[in-house]
Amino acid sequence: NGVSGSAAGIISELRSEGEARLVVQRPRAIFVALRHESGAPLGLDLQFAQAGTTLLVCGVDVGAVQEWNERQASSSTRIDKFDRIVEVNGVRGPVAELMSAVSRATGSTAMVVLKYGIGPK
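The rules behind these values
- Residues numbered from 1 in each chain as written.
- Predicted model: local features only at pLDDT ≥ 70, side-chain atom pairs only at ≥ 80, totals over all residues.
- Heavy atoms only, no water.
- Salt bridge = Lys/Arg side-chain N within 4 Å of Asp/Glu carboxyl O.
- Helix = DSSP H or I, 4+ residues; strand = E, 2+ residues; numbered from the N terminus.
- Buried < 20%, exposed > 50% of the residue type's maximum accessible area, 1.4 Å probe, protein only.
- Core = buried A, V, L, I, M, F, W, Y, C linked by side-chain atoms within 4.5 Å.
- Contact = heavy atoms within 4.5 Å.
- Pairing = 2+ DSSP bridges.
- Axes fitted to C-alpha atoms, helices over the stretch in contact; angles between N-to-C directions.

1. Digging into the pattern of salt bridges
- Using the criterion set out here, one finds three salt bridges in the structure.
- One salt bridge in this structure joins Asp83 and Lys115, with 2.8 Å as the shortest N-O distance. With a gap of 32 residues between them, Asp83 in the loop between α2 (64–71) and β4 (84–88) and Lys115 in strand β5 (residues 108–115) connect regions that are remote in the sequence. Side by side, Asp83 and Lys115 carry an identical accessibility label, which is buried.
- Across the salt bridge formed by Glu87 and Arg92, the nearest N and O atoms sit 2.6 Å from each other.
- What you see here is one network of salt bridges that share partners, running through Asp80, Asp83 and Lys115.

2. Quick notes on the nonpolar core
- Residues Val32, Leu34, Leu44, Ile79, Ile85 and Met111 are the most contacted members of the largest nonpolar core, which totals 21 residues.
- When contributions to this core are tallied by element, the ones reaching two or more residues are β1 (28–35), β2 (44–47), β3 (55–60), α2, β4, α3 (95–104) and β5.
- A per-element tally of this core places α3 first, with four residues.
- When sequence neighbours within four positions are dropped, the list of residues in contact with Leu34 reads Leu42, Ala64, Val65, Trp68, Gly107, Ser108, Thr109 and Met111.

3. Details of unusual backbone geometry
- One non-glycine residue with positive phi stands out, namely Phe82, at about 80 degrees.
- Topologically, Phe82 is positioned in the loop between α2 and β4.
- When its relative accessible area of 32% is taken as the criterion, Phe82 is described as partly exposed.
- The phi dihedral of Asn89 falls on the positive side, at around 50 degrees, and the residue is not glycine.
- Counting through the fold element by element, Asn89 comes out in the loop between β4 and α3.
- The class of Asn89 is partly exposed, set by a relative accessible area of 37%.

4. Points about the environment of Gly63
- Mapped onto the elements, Gly63 comes out in the loop between β3 and α2.
- C-alpha separation for the pair Gly63 and Ile85, spaced 22 residues apart in sequence, amounts to 17 Å.
- When residues no more than four places from it in sequence are discounted, the contact partners of Gly63 are Pro41, Leu42 and Gly43.

5. A look at the sheet that holds β3
- Strand order in the open sheet formed by five strands is β1-β5-β4-β3-β2, with antiparallel pairing between adjacent strands. Strands at the two margins of the open sheet, each flanked by one partner only, are β1 and β2. Each strand axis lies, on average, 40 degrees off the axis of its neighbour in the sheet, ignoring direction.
- In terms of strand pairing, β3 meets β4 through two bridges, oriented antiparallel. Across the sheet, residue Leu55 finds its bridge partner in β4, namely Ile85.
- Relative to the sheet, α2 contacts β1, β2, β3 and β5, its axis offset from that of β1 by approximately 115 degrees.
- In the packing of α3 onto the sheet, the strands contacted are β2, β3 and β4, and the crossing angle to β4 comes to about 70 degrees.

Printed below as a string of structure tokens:
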């Protein structure tokens, strides 16, 4: 019904009377191999649900991810807002473990990132 991005907005729309049109997407996984100096920032603004198993990319700032994005010929291999990180240096699971893997990352960082075809507007 044209509502996207905000969970509260989507829930409100689903609760309203009338017909609901939903877009359901299957994500595409990409493998990202970052090289960065020890202590250098990855440049990711991340959010997560305490009980979740993914890290939501809310923005890309100056750092290794921005450099990665600049080297990619296609947007399909860039890390963008609303992508989800599901693995960091071989670690999958609860967000506490993912965040710990992000904070320990030095020199090189390997990530599996889920990309969706249509993002919120």
